Number of protein chains: 2
Amino acid sequence: MPDQNAERNGDGPRAPVPPCRLTASEASVMIRAGTLSVEQLARSCLERITQRDGEVRGWAFIDPDLILDRARELDKTSDKGPLHGIPIGIKDVIDTDDMPTRHNSPSYYHHHPALDAACVMILRAAGALIFGKTETVEFAAAGRQPLTRNPKNLDHTPGGSSSGSAATVADFQVPLSLGTQTGGSTIRAASFCGIYAMKPTWNVVSREGVKVQSLTLDTVGWYARSVNDLALLCDVYAIHDDGPAKPFELSRARIAVCETPVWEHADRSTHNALETGSEALRAAGVETVPLILPPPFEELSEAQVIIQSSEGRAAFLSEYRVNYSGLHPILRERVENRENITRAALRRAYDVAAQCRMIFEEICTDFDAILTPSATGEAPAGFQSTGWDIFNRIWSLLHVPCINLPGFRGVNDLPVGLTLTGPRFSDRHLLTVANDVSRCFAARQASVARSVSTCDK
Amino acid sequence: MPDQNAERNGDGPRAPVPPCRLTASEASVMIRAGTLSVEQLARSCLERITQRDGEVRGWAFIDPDLILDRARELDKTSDKGPLHGIPIGIKDVIDTDDMPTRHNSPSYYHHHPALDAACVMILRAAGALIFGKTETVEFAAAGRQPLTRNPKNLDHTPGGSSSGSAATVADFQVPLSLGTQTGGSTIRAASFCGIYAMKPTWNVVSREGVKVQSLTLDTVGWYARSVNDLALLCDVYAIHDDGPAKPFELSRARIAVCETPVWEHADRSTHNALETGSEALRAAGVETVPLILPPPFEELSEAQVIIQSSEGRAAFLSEYRVNYSGLHPILRERVENRENITRAALRRAYDVAAQCRMIFEEICTDFDAILTPSATGEAPAGFQSTGWDIFNRIWSLLHVPCINLPGFRGVNDLPVGLTLTGPRFSDRHLLTVANDVSRCFAARQASVARSVSTCDK
């Protein structure tokens, strides 16, 4: 049962696929059928990591003995949960009870939480094999940058702050990983690395045990190499829309194409991706409709910055008081409110966000989904920055579910993705749409590849 | 420097006050002056606890040796923070790194967090003496009830879910304690126990390391026996309003008296308190203005229930999956959404709350503060319930600061308090108003006591 929308190295005659290249859904079927053991899968992922980690540097902590012990235990278990034996990387701002949680902060180098975060507890209860902790920007906020490189081009950032979670899934080191998003920390890195990611509706997954930066914004998200795998985690986290699934047929769909009020920051790669994606949809029979968001949405990007920064004042006060020397100067300045953001500005930011949420819900009733950029363009070169979240902020602040769909290439032949979004609590419907749209994008990519290879001849 | 608005047993000739009866502000002055050691204060509190804990049962965990060791360390420290040596109780849903955190849940009986919650870290960094963990309703939510009794009448509940935090402060066992509020868990218990409490604006104090029930509602709050002591904790948590303090003079003040849309649930004790309180204000020269909240506010109480319950679905899912048998059936039903609350209803609840926040801010521009009930009446008899949060919910959902002011007696001679509230981020201004209003209420109480004692003769 091959995962039809799975990304894989598609060229050449079919060699046996090493288990590390399977999607979670594919591996799960084989484990259940007894044609793959959890240990075999774990060893394949560990081999890949051994080959690649020196270059990609996605892991903040990994212990092969711990993984293999747990894999063998899982192989002996008759009680098989929905994620039985599936390796999953955990962003290192999310607590784990058997591995350190370091937040890329020297103050936490020896920190061993007593409990798993709620989102990890639920994974373990579903039989997942917690593989290790993935690299992050300091506290998933700002400050110390991770050493992780983009597996598609080692001279470029993989994006962040969920850098390691995106890079390790893109590099076939694990099929799944957890990230977090406050500005664009999940979706942008998926775009840069050419994989699937989901940031669900705000607060449908508990953030207990995840480092706090901004209660209004922080959201647990995840990476995968197929839409089916994104849905697998939605199942495990018991995310449901109201009522039965709405019928959806791509050839009768109406999808809004939204350049957003920050379109001026899109470069040629993103222009091309949005245009090409829209064309592919139209070719599949979709009615695409340009969506211009009304004026209050122009305030959202700045409102997101105000909220992230102001809520960070309270969030990092304890670090400031207790671990001052370990806290990056950028975060100290946030606590000190060096930008002089007033409470009135914060209140205004909360209120404009709330108004836009209501307006957006109205807008969404006309469409099956909304297609919009995931990033300004390709992953930038270098490691001083993980890129810019300008295209993700408004969706984070609107609390709406977002799915990154890969499938495009930028001017430097690096991946570019597009975001599908929709109203709050439409996570499952969005996955249904994403499944068909991703096949449409993949089919287009395959035809481009064929025409390129024909031209080469 | 006696704390002028401090509650104390005021009758009879002045005997030397045992240190446990001092407010935090008073004790702090004496410790700084060298007339009281941290150990003496701690021993006085421990003596009081020894006398009274068998009846009041406010503590979930207390270790006198740990307290005295730490007290002696503090006495040796030259670096004196703003809370140097001040005993403080911590509600047992808030993580502490040197004491268990049990949440009144059998699943957590042996749980020792690796880190203090952010709000506790900040207290320790300010020199506070973390005294012990106080009794709570299971997960501060629902289910197992605490054994705590109301120190003003042992046959009555002290209120909850912050039951132990309110009772131990009211009973002179500690001068300060931390609680939390999701519905009315901080303010109501203060009203029932006859003490001061503050629920600050939502999210101005980090909730990291506090058990999650509802991100939208959960707020860290605190108890004290004077307004000055409430302000002391505002200082420590770096809570500031915009700009310099607004001038305030009680005799020129304009205070709204708000019965709220749930006034039908107020009994005679609360009717009397609101009337008597308003009269006392008018006698002090205050212009009191009846405030009738506009129609959308009628939806707020139900919206609060929908949000608390729906967010609890996600919050308790990990307990449900991992500690099913330890989780109270009421909370299991919440995870299962037995009430069939739709996502559409949740969205509507979020949106009506956001609309009311904006309207409320407008309303508040006309007043220095708003006076409103803290509870339906006195503490109910028995321990099956900690009372009803119907008068607190709307303020929790509006995210506004609330201060409980004691000073009234109900039909059974138990305490009744009133709430002062105002716009988001006006915490410091509200403390200024509360300081004057509490003196006004205390003066009225003293004059009532004098007239009663005259009649007795």
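The rules we used
Residues numbered from 1 in each chain as written. Chains lettered and ligands numbered in written order. Predicted model: local features only at pLDDT ≥ 70, side-chain atom pairs only at ≥ 80, totals over all residues. Helix = DSSP H or I, 4+ residues; strand = E, 2+ residues; numbered from the N terminus. Rg over C-alpha atoms; globule rule 2.2 N^0.38 Å. Buried ≥ 20, exposed ≤ 12 C-beta atoms within 10 Å, placed from the backbone. Contact = placed C-beta atoms within 7 Å. Nonpolar A, V, L, I, M, F, W, Y, C, P; charged D, E, K, R; others polar. Axes fitted to C-alpha atoms, helices over the stretch in contact; angles between N-to-C directions. Parallel < 35°, antiparallel > 145°, perpendicular 65-115°, else oblique. Left-handed = near helix turned anticlockwise from the far one by under 90°. Least-squares fit on C-alpha atoms with pLDDT ≥ 70 in both. Pairing = 2+ DSSP bridges.

Description of the overall build of chain A
- Broken down by element type, chain A carries 14 helices and 11 strands.
- Taken against the 2.2 N^0.38 rule, which gives 23 Å for 457 residues, the C-alpha radius of gyration of chain A at 21 Å falls within 12% of a compact globule.
- Judged by the C-alpha coordinates and their principal axes, chain A covers about 60 × 55 × 45 Å.
- Taken over 457 residues, chain A has a buried fraction of 61%.
- In chain A, the share of contacts with a sequence separation of at least 24, taken over all contacts with a separation of at least 6, comes to 78%.

Describing helix α4 (residues 118-125) of chain B
- Of all 8 residues in α4 of chain B, 8 are buried, a share of seventy percent or more.
- All of the buried residues in α4 of chain B are Ala118, Cys119, Val120, Met121, Ile122, Leu123, Arg124 and Ala125 of chain B.
- Where α4 of chain B is buried, its residues meet α10 (317-322) of chain A together with β2 (87-91), β3 (129-134), β4 (176-181), β6 (219-224) and α7 (227-236) of chain B.
- Gly127 of chain B sits one or two positions beyond α4 of chain B and adopts a positive phi of about 95 degrees.

A closer look at unusual backbone geometry
- Between Gly160 of chain A and Ser161 of chain A the backbone carries a cis peptide bond, its omega angle lying at 10 degrees.
- The residue Ser161 of chain A is located in the loop between β3 (129-134) and α5 (163-170) in this model.
- Residues other than glycine seldom take positive phi values, yet Ala238 of chain B does so here, at roughly 55 degrees.
- Among the structural elements, Ala238 of chain B can be located in the loop between α7 and β7 (254-257).
- You will see that His399 of chain B, though not glycine, has its phi angle at about 70 degrees, which is positive.
- Within the secondary structure, His399 of chain B sits in the loop between α13 (393-398) and β10 (402-409).
- A residue is classified by how many C-beta atoms lie within 10 Å of it, and His399 of chain B, with 24 of them, is buried.

Let's talk about the interface of chain A and chain B
- Counting residues at the interface gives 36 residues for chain A, matched by 36 residues for chain B.
- Element by element, the count of residues in the side of chain A that touches chain B is highest for helix α12 (residues 343-364) of chain A, at 8 residues.
- Of the residues contributing to the side of chain A that touches chain B, the split by class is 19 nonpolar, 6 polar and 11 charged.

Focus on the packing of helix α9 (residues 300-315) of chain A against α12 of chain A
Residues and elements named next belong to chain A.
- Contact pair α9 / α12: the axes reach a minimum separation of 9 Å and the direction vectors enclose 130 degrees. What the angle tells us is that α9 and α12 run oblique. Read as a crossing pair, α9 and α12 show a hand that is left-handed. On α12, the residues touching Leu300, Ala303, Ile306, Ile307 and Ser310 of α9 are Ala345, Leu346, Ala349, Tyr350, Val352, Ala353 and Cys356.

What to know about the relation of the copies chain A and chain B
- Under the fitted operation, chain A is carried onto chain B by 0.0 Å of movement along the axis and a turn of 180 degrees, and the coordinates agree to an RMSD of 0.0 Å. Classification of the inter-copy transformation places it as that of a two-fold axis.
- Looking at chain A, 100% of its interface residues are interface residues in chain B too, so the copies touch through the same face.

Focus: the sheet that holds strand β2 (residues 87-91) of chain A
All names here are of chain A.
- With respect to topology, 11 strands assemble into an open sheet ordered β1-β3-β2-β4-β6-β5-β10-β11-β9-β7-β8, the strand pairing being mixed. Each edge of the open sheet is held by one strand with a lone partner, namely β1 (59-62) and β8 (287-290). Direction aside, the axes of adjacent strands within the sheet are offset by 30 degrees on average.

Notes on the pairing of strand β4 (residues 176-181) of chain A
All names here are of chain A.
- Most of β4 is tucked away: 6 of the 6 residues are buried.
- Burial of β4 is two-sided: the residues Leu176, Leu178 and Thr180 facing one way and the residues Ser177, Gly179 and Gln181 facing the other way are all buried.
- When β2 meets β4, the two strands line up parallel, connected through 3 bridges. Among the inter-strand pairings, Ile88 is bridged to a residue of β4, identified as Leu176.
- Two elements, β4 and strand β6 (residues 219-224), share 5 bridges in a ladder whose sense is antiparallel. Within β6, the residue paired with Thr180 across the bridge is Val220.

Digging into the sheet that holds β10 of chain B
Residue and element names in this part refer to chain B.
- Sheet architecture is open: 11 strands sit in the order β1-β3-β2-β4-β6-β5-β10-β11-β9-β7-β8, paired in mixed fashion. Edge strands, defined here as strands with exactly one partner in the open sheet, are β1 (59-62) and β8 (287-290). Sheet twist, expressed as the average angle between the axes of neighbouring strands with direction ignored, equals 30 degrees.
- For strand β5 (residues 196-199) and β6, the ladder comprises 3 bridges, and the chain directions are antiparallel.

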